[in-house]
Amino acid sequence: KDYDRKKNGELKRAIVQKLESLINEESIKEVEAQLKSLQDEWEDIGQTEQEEWEALKEGYWAAVKAVYEKIKNHYEGRRAQMQENIQKKLELVEKVQTILEQNRASVSDWSNHTDVVLQLQEEWKTIGFGPKKENEEVWKQFRAHCDAFFEAKGVFFSELNSVFDAVAEKKKALIDEAEAIKNDTDWGPATQKFIQLQKKWKSLGSAGQKYEQKLWRKFRAICDYFFEAKQAHFEQLDKENEGN
């Protein structure tokens with residue numbers, strides 16, 4: 001029995017040392033698992049020598065208390081961090097709502113605000129989770145504001161594309177008119193017609209990124225063809241006059 005008590009004392013001291021080592025363990029799940037296991041081992045070990053029991057017991061409970069304090073601090077810190085995350089996410093919700101409420105009258109406005117919203121979405125991804133219920137609620141608000149922004153953007157560009165399509169059709173008609181008179185050698189009236197066509201072209205505004213440059217290159221090529229032919233004609237006429 002004396003031998004057993006001495007051996008039990010050694011086993012319990014080893015458990016106390018293992019408990020103390022858990023203070024430096026980074027994984028809180030590992031700490032919780034080891035704590036339960038070591039406590040079970042402690043209970044399974046029999047009696048120790050009477051004169052060392054009090055010291056062993058005090059060391060054991062001091063170590064257990066320190067480990068529980070570590071676990072408690074971890075979860076309190078985690079809760080504080082989660083609340084901080086929720087606050088950060090609420091700030092992003094307010095920023096998106098502010099963007100949503102602003103007026104956007106041009107493509108440039110929509111482009112600038114789209115960049116801001118996309119940046120806020122990327123920032124959202126860098127923020128950790130909050131308490132489950134609050135996290136879901138805040139996410140619904142943020143997503144709803146973002147969805148509303150991009151739906152409004154879709155409506156704006158859909159309407160704008162309709163305007164661009166209408167302008168494009170009118171410019172195609174001007175191209176057809178220019179094509180029909182590009183070989184007209186009645187230079188005075190033909191020149192006036194081309195000048196009028198060019199004025200109409202400018203007054204129509206842009207046909208949008210999809211059409212404008214393509215249509216303009218075609219229209220300009222026809223105008224250049226006519227005015228180069230006119231210039232060549234009068235240069236030749238000047239030469240003949242000079243010869244005369």
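Description of the structure in this document. (Residues numbered from 1 in each chain as written. Predicted model: local features only at pLDDT ≥ 70, side-chain atom pairs only at ≥ 80, totals over all residues. Heavy atoms only, no water.)

1. Quick look at the pattern of salt bridges
Between side chains of opposite charge, a pair can form as their charged atoms come close. In total, this model carries 10 salt bridges according to the counting rule given. Of the charged contacts, one joins Lys-7 and Glu-10 as a salt bridge, the two residues approaching to 3.8 Å between their closest N and O atoms. Here the residue Lys-7 and the residue Glu-10 both occupy positions in helix H1 (residues 2-21), the gap between them amounting to 3 residues, near one helical turn. Assessed through its relative accessible area of 39%, Lys-7 is described here as partly exposed. Exposure remark for Glu-10: the relative accessible area of 36% places this residue in the partly exposed category. Of the charged contacts, one joins Asp-40 and Lys-36 as a salt bridge, the two residues approaching to 2.9 Å between their closest N and O atoms. With Asp-40 and Lys-36 both in helix H2 (residues 28-44) and 4 residues apart, the pair spans about one turn of that helix. Here Lys-36 falls in the partly exposed class, since its relative accessible area comes to 48%. (Salt bridge = Lys/Arg side-chain N within 4 Å of Asp/Glu carboxyl O. Helix = DSSP H or I, 4+ residues; strand = E, 2+ residues; numbered from the N terminus. Buried < 20%, exposed > 50% of the residue type's maximum accessible area, 1.4 Å probe, protein only.)

2. Some words on the layout of surface pockets
Of the pockets and cavities examined, the largest pocket occupies roughly 180 Å³. Each residue belonging to the lining of the largest pocket can be placed in one class, and the counts come to 6 nonpolar, 3 polar and 2 charged. (1 Å grid on protein atoms, 1.4 Å probe; cavity = no way out; pocket = protein on both sides within 12 Å on 5 of 7 lines; lining within 4 Å. Points joined across faces, edges and corners; volume = space filled by probe spheres on them. Nonpolar A, V, L, I, M, F, W, Y, C, P; charged D, E, K, R; others polar.)

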